[in-house]
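Descriptive analysis of the structure
Take a look at the letters that make up each chain.
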Amino acid sequence: MAERTSRGKLRRSLSLKNKKRQEAKAGSASISSFFSSQPPRSLACPLCGQLVPRFKINDHIDLQCQNFDRGGGTVGGSTGGNDASPQSELDQREEDTQTKTSPYFKKKICDQTPRDINSKTVVRAIGLGSLSSKLSRHDRSKHAEVRDKPDQMSDAESTSSSQKENVQVEDSSGSVVCTSMEPPAASAPLPAERPAQVELPSEPPAKLTRRKKKAASSVRGKKAKYEGQRESEEASSGLGPEESSGGQQEADASPSPPDTLTSEEVKEQRQREDSAERPAAPSLPYYLRNFQTVLHAVLENEDNRTLFNQEDMSAVHGFQRLSVMAQKLYVRLFQRKLKWLQVNKLDYGEISSDLGPVAQELVQLGFLQTENDLEDLGEALDLLPAPELKALAKTFHLGSSGIQKQQLVDGLLRLSRQRSFFSLASSESKVGTVILKRAKQLAGSCVRLSRGPRAVFSRILLLFSLTDTMDEEEMAAGGQNQLFTILLVNSGRLAFPDYTVQRVAKVFRDREDLIRYEASMRALLEVTLATQAGQWEQALELYTAAKGAWCQLRLNHDLSHQEELPVFLRSFTTGWAYTRILSRGVEILQRLRRYEEAVEELQALLKQSVYCPDSRGRWWDRLALNLHQHLKKSDQAICAIREGLSDPLVRTGHKLSLHQRALRMKEAPSCKKYRLQLRELPTVQVQDVKHVTIRGQLFPHEGGTGKSRFLIPESEEGEGSIICSVEEFCLDHYRQLGFDQGIHGEGSTFSTLFGLLMWDIIFMEGIPDVFRNPYQTCPLDFYTDCFYENRKEAIASRVGLLQEATVETLRDMLQDVWESQEGKVCSLVSWERFSSLQQAQSLVACLGGAFLGGVIDRMAKDYRHCRGGLPDLVVWNTSNNTYKLVEVKGPNDRLSQKQQIWLDELQKLGADVEVCHVTATGARGARLEETNIQASN
């Protein structure tokens, strides 16, 4: 009875209904966090590290991030944060200057932050006396008095001075610069030796005047750096009275350099003085600088400029002629979805408190549309907020206060299609015209980006990010991810590998070719979005329309230039995009049980090998499946299997899948008459590996769906339990067997080792067109057969070196790459996979060079089809250099074809490989049991 009571208490403590009560008591995360839905995709702020939703990163940086230096604009919404001290800000900026950025941004923007002080600078506080004593320059005896008796200043003069306390900065060359700081709480006496450093040597009046101007300019730069007052510098191009007087004071305190200067030094000094006299250019916000970077990077290339006609370039030049505030507003609106926006709801305080004149400038130059161009009722209704929409619906006697916004919109749209009973059937008499007019009155002044200029900038962004795949939301938001990447690079938070951008091939022949490619990509995104949402009827309509457009394109245009491109550049062509749509269409037809049409589409796709050759294995497998199971055409299915096994573009995983389908057909009673044909098919042999079963207590979660989770004891005494995944449960098991190190990384463990040991070959120079963008994380040919063909000799040499390398050589190779490239973005390398360099070195020492050489050789030849199927766990013992590669299978899970092939390959390379099956023992189970299972293929 007591046991049942304690068990009931345990169940109640694990109940999801008591989540809030348990969190209040324990102050820890609830168990339900394991089963909650995935949060929306978010990014870490590059400045403060806070996780922010993807498309809210700009708003966060502008309004909330306290670590971001907003050059030239007011800080909006920064309440609640403490301003950093001048010294902490100086330390932070010195740290930022030491951060390495991308080597492709060698041109520095003129409006960057002021120059940082050298790390060897010496800062000393000096007293400069009263303002009146510094402004007087008529009596030379006063200079001598200040020079000879600096310590005899009266306390009344020092306390009545209206000038802030100055800081004397002496760099390694011996020159002294005075900068203005906030006055301290109490003035401290100066050491006796300091007055000698404030000595003012005599010099000619002209030279002294130039010295004053130089010191005053230095004061402004340093003051902006210490006190964060760039706004005042941006607003004023000249010097105010206080700044002039302050500069003059600092000029008095600054000693002149020695008179023995060479002619070159004098010339450099005059150039510095002239540049100091010029007013500093206003600092631009990061999003405008990034947008200008994209325009410059694309249009500086001659091949890219030919893709834009005179009208397109006039839009670009028109944007460059806009005022800075208009440019800021346009970029802000460009990064939002293309829709109508109410002007009174636009809030960009860093641009202007009144955006009306700024928007009017954009309207006059054709970059914005006004409410006069709003003719679509659906767009007008979408513009209205819910209260105003309800008021409009109530005017036409539709709905009630409880109806949702979308229902009100649908009702008003249905009403708009009716004609007025009391007037003629003209466009003015339609009910929709009346609804639109009233909706525009409620919306007030509204704007939307003009489609023409926006399309030009969208194509420029497409060329800039051609190597990146943007989803539908990303393209609608003006490529915010690409602009965010530039922000990370410019702020030093992101660095790409060193490589040389070399463009030789011309992907797009002319402007129309680029426009057609953009249209095909948008069609692909629409079909993908509809299939992901399960809207199969709508997806069928989109697929049918895209198929008709592709047929017309092949009839009316010569596409031979696309076939001449290498396969890794062919993926950026119109034909490739439409082929992917047709491949998606097969899935749509199968969902709608239209298998005859799906088979016809698959056969048409397999007749060509120009586009998407890496998908041929999947096409052959689906064709055999549809013919055998759905259409009951076994003879044609056998022919499809035979052709698929003999296709050189079908790789190991899909070949094994076709072979296993043939084995199932051979055993099926309905295919007895085809057994002779099935025996003649090519075979794929895969050896099985050792299987181990361990048993543990399964965590009973609600619903019984999702990934299985197990309970392991928190301590050796058995007090308390920890909920873990099936992989973590296995890691705990192998830890008890003596393996003190273990990683659950699946393929990322081996891909990271591949990237580290092959870094210089992956990013080697001399191969054209594989690097066409400064923001690539790997060469464009990496997922194709061209990667191995273009680097065959280098890969063979590296594999041979690894196979013969000693443990110390492997450690040194890994250390050299780790220390020189750590932190750089590479799609293969996950820097967080290993806890430290030493852990990675210990794993490499256990694996050995012969094994690593074999794995890298296989991955280099066909990384696209070999990146999946690697074992889940890698466990090793650092004391005796033993290791084990483990594929974990939970309840109701089985090996895939790619996993079977990799396990066989790893076993042939000499690795200790096994499959660990985890089964549940029930509520009482806490024991582990191992059994060997000899499974047949």
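Residues numbered from 1 in each chain as written. Predicted model: local features only at pLDDT ≥ 70, side-chain atom pairs only at ≥ 80, totals over all residues. Heavy atoms only, no water.

A look at the overall build of the chain
Check the secondary structure of the chain and you find 43 helices and 16 strands. Within the chain, contacts between residues separated by at least 24 positions form 72% of all contacts whose residues are at least 6 apart in sequence. Of the roughly 49400 Å² of accessible surface on the chain, a fraction of 49% belongs to carbon and sulfur atoms. (Helix = DSSP H or I, 4+ residues; strand = E, 2+ residues; numbered from the N terminus. Contact = heavy atoms within 4.5 Å. Areas by Shrake-Rupley, 256 points an atom, 1.4 Å probe, with all protein chains shown as cover.)

Brief notes about helix α18 (residues 386–395)
Listed as buried for α18 are Leu 389, Leu 392 and Ala 393. Along the long axis of α18, the arc covered by the buried residues comes to 100°, so they all point the same way. What points out from α18, more than 90 degrees from its buried face, is the exposed set Pro 387 and Lys 394. Once α18 ends, the next one or two residues include His 397, with phi positive near 60°. (Buried < 20%, exposed > 50% of the residue type's maximum accessible area, 1.4 Å probe, protein only. Arc of directions from axis to C-beta.)

Details of the packing of aromatic side chains
Counted under the stated rule, the structure contains 30 aromatic pairs. Both rings, one in Phe 508 and one in Tyr 517, keep their centres 5.3 Å apart while their planes meet at 50°; by these two values the pair is tilted. Like Phe 508, the residue Tyr 517 is buried in the burial classification. These aromatic residues form a ring-pair network of at least three members: Phe 291, Phe 319, Tyr 330, Phe 334, Phe 367 and Phe 457. Between the NZ or CZ atom of Arg 332 and the centre of the ring of Tyr 287, over which it lies, the distance is 3.8 Å. Between Arg 858 and the ring centre of Trp 902, over which it is positioned, the NZ or CZ distance is 5.3 Å. (Phe/Tyr/Trp six-rings, centres within 6.5 Å; stacked < 30°, edge-to-face > 60°. Lys NZ or Arg CZ within 6 Å of the ring centre and 35° of its normal.)

Overview of the nonpolar core
In this structure, Phe 319, Phe 457 and Ile 460 are the most contacted members of the largest nonpolar core, which totals 178 residues. Setting aside residues no more than four positions away along its own chain, Phe 319 makes contact with Leu 288, Phe 291, Leu 295, Gln 327, Tyr 330, Val 331, Phe 367 and Phe 457. Membership of the second largest hydrophobic core comes to 21 residues, among which are Leu 392, Ala 393, Leu 412 and Cys 446. (Core = buried A, V, L, I, M, F, W, Y, C linked by side-chain atoms within 4.5 Å.)

Some remarks on the pairing of strand β13 (residues 873–877)
Burial analysis of β13 places 5 of its 5 residues in the buried class, the great majority of the element. Direction of pairing for strand β12 (residues 741–744) relative to β13: antiparallel, over a ladder of 4 bridges. From the neighbouring strand, His 744 faces β13, where its bridge partner is Leu 873. The pairing of β13 with strand β14 (residues 882–889) spans 5 bridges and is antiparallel. Bridge assignment links Leu 873 to a residue of β14, and that residue is Val 886. (Pairing = 2+ DSSP bridges.)

Describing helix α31 (residues 634–646)
With 13 residues, α31 should cover 18 Å at 1.5 Å per step; its first-to-last C-alpha distance of 19 Å lies within 8% of that length. Those residues of α31 lying buried are Ser 634, Ala 637, Ile 638, Ala 640, Ile 641, Gly 644 and Leu 645. End-on, the buried residues of α31 take up no more than an arc of 160°, which puts them together on one face. The secondary structure elements touched by the buried residues of α31 are α30 (616–630), α32 (652–667) and α33 (675–679). (Expected span 1.5 Å × (residues − 1).)

Some words on the pattern of salt bridges
As enumerated under the stated definition, the model contains 30 salt bridges in all. For the salt bridge of Asp 769 with Arg 772, the shortest nitrogen-to-oxygen distance reads 2.8 Å. As far as the burial class goes, Asp 769 and Arg 772 line up, both buried. As a salt-bridge pair, Glu 887 and Lys 889 come within 3.8 Å of each other at their nearest N and O atoms. Relative accessible area serves as the criterion here: at 4%, Lys 889 is assigned to the buried category. A single network of salt bridges, built from pairs that share partners, joins Asp 312, Arg 459, Arg 511 and Glu 512. (Salt bridge = Lys/Arg side-chain N within 4 Å of Asp/Glu carboxyl O.)

So, the sheet that holds strand β7 (residues 368–370)
Read across the sheet, 3 strands follow the order β6-β8-β7 without closing on themselves; strand pairing throughout is antiparallel. Among the strands making up the open sheet, the edge pair consists of β6 (341–342) and β7. In this structure, β6 lies alongside strand β8 (residues 446–449), joined through 2 bridges in antiparallel fashion. When the sheet's bridge partners are listed, Leu 341 is paired in β8 with Val 447.

As for the environment of Glu 587
For Glu 587, the position within the fold is in helix α28 (residues 574–591). On the basis of relative accessible area, Glu 587 is assigned to the partly exposed category, the value being 32%. Considering only alpha carbons, one finds Glu 587 and Thr 531, 56 residues apart in sequence, at a separation of 8.7 Å.

A look at the side chain of Asn 304
Inspection of the secondary structure assignment puts Asn 304 in helix α13 (residues 302–305). At 3.1 Å, the side chain of Asn 304 forms a polar contact with the backbone oxygen of Val 298. Residue contacts for Asn 304: discarding those within four places in its chain leaves Val 298, Leu 463 and Arg 503. (Polar contact = N/O pair within 3.5 Å; in protein donor to acceptor, adjacent residues only side chain to side chain.)

Digging into the side chain of Glu 350
In this fold, Glu 350 is placed in the loop between β6 and α16 (356–364). Relative accessible area serves as the criterion here: at 16%, Glu 350 is assigned to the buried category. Separated by 3.3 Å, the side chains of Glu 350 and Arg 332 make a polar contact.

Quick look at empty space enclosed by the protein
Where empty space is left becomes clear once a probe the size of a water molecule has been rolled over the atoms. For the structure on display, the rule yields 7 cavities of 30 Å³ or more. Of the pockets and cavities examined, the largest cavity occupies roughly 180 Å³. Asn 304, Leu 463, Leu 466, Arg 503 and Arg 772 are the residues nearest the centre of the largest cavity, which is lined by 17 residues in total. Contributions of two or more residues to the lining of the largest cavity are made by α13 and α21 (451–464). Residues belonging to the lining of the largest cavity are distributed by class as follows: 9 nonpolar, 4 polar and 4 charged. (1 Å grid on protein atoms, 1.4 Å probe; cavity = no way out; pocket = protein on both sides within 12 Å on 5 of 7 lines; lining within 4 Å. Points joined across faces, edges and corners; volume = space filled by probe spheres on them. Nonpolar A, V, L, I, M, F, W, Y, C, P; charged D, E, K, R; others polar.)

Thoughts on the environment of Leu 847
Looking at the element boundaries, Leu 847 is found in helix α40 (residues 837–847). What makes Leu 847 buried here is its relative accessible area of 6%. Between the alpha carbons of Leu 847 and Ala 911 there is a distance of 8.1 Å; along the sequence they are 64 residues apart. Setting aside its immediate chain neighbours within four residues, Leu 847 contacts Leu 753, Leu 852 and Tyr 883.

Considerations on the confidence of the model for the chain
Within the chain, residue pLDDT values average 73, and 66% of them lie at 70 or more. Overall, residues 71–260 carries pLDDT values under 50, and its contacts beyond four positions in sequence, including any with other chains, amount to 239 contacts. The low-confidence segment residues 923–937 (pLDDT under 50) makes 30 contacts with residues lying over four places distant or belonging to another chain. (pLDDT = per-residue confidence, 0-100.)

Topic: the packing of helix α35 (residues 747–757) against helix α41 (residues 849–861)
The contact between α35 and α41 brings their axes to 10 Å, and the two run at 90°. Taken as axis vectors, α35 and α41 run roughly perpendicular relative to one another. Residue-level contacts link Phe 750, Ser 751, Leu 753, Phe 754 and Leu 757 of α35 to Phe 851, Leu 852, Val 855, Ile 856, Met 859 and Ala 860 of α41. Across the contact of α35 with α41, the residue classes tally to 10 nonpolar, 1 polar and no charged. (Axes fitted to C-alpha atoms, helices over the stretch in contact; angles between N-to-C directions. Parallel < 35°, antiparallel > 145°, perpendicular 65-115°, else oblique.)

Considerations on the environment of Asp 376
Relative to the helices and strands, Asp 376 is located in the loop between β7 and α17 (377–383). Between the C-alpha atom of Asp 376 and that of Leu 436, which follows or precedes it by 60 residues, the distance is 7.8 Å. A polar contact is formed between the side chain of Asp 376 and the backbone nitrogen of Gly 378, at a distance of 3.1 Å.

Points about the packing of helix α12 (residues 286–299) against α21
At a closest axis distance of 9 Å, the pairing of α12 and α21 adopts a crossing angle of 75°. The orientation of α12 with respect to α21, classified from their angle, is roughly perpendicular. In this structure, α12 contributes Phe 291, Val 294, Leu 295, Ala 297, Val 298 and Leu 299 to the contact, and α21 contributes Phe 457, Ile 460, Leu 461, Leu 463 and Phe 464.

Concerning the state of the cysteines
In total, this model carries 0 disulfides according to the counting rule given. This cysteine, Cys 730, is not joined by any disulfide, and Cys 916 carries the nearest cysteine sulfur, 3.6 Å off. (Disulfide = S-S within 2.5 Å.)

Some points on a positive patch on the surface
A cluster of like positive charges, contributed by Lys 56, Arg 336, Lys 337, Lys 339, Lys 345 and Lys 405, occupies part of the molecular surface. Its location among the elements puts Arg 336 in the loop between α15 (324–334) and β6. (Patch = residues over 30% accessible without salt bridge, like charges linked within 9 Å, V, L, I, M, F, W, Y side chains within 5 Å. Lys, Arg positive; Asp, Glu negative; His and termini not counted. Charge placed at Lys NZ, Arg CZ, Asp CG, Glu CD.)

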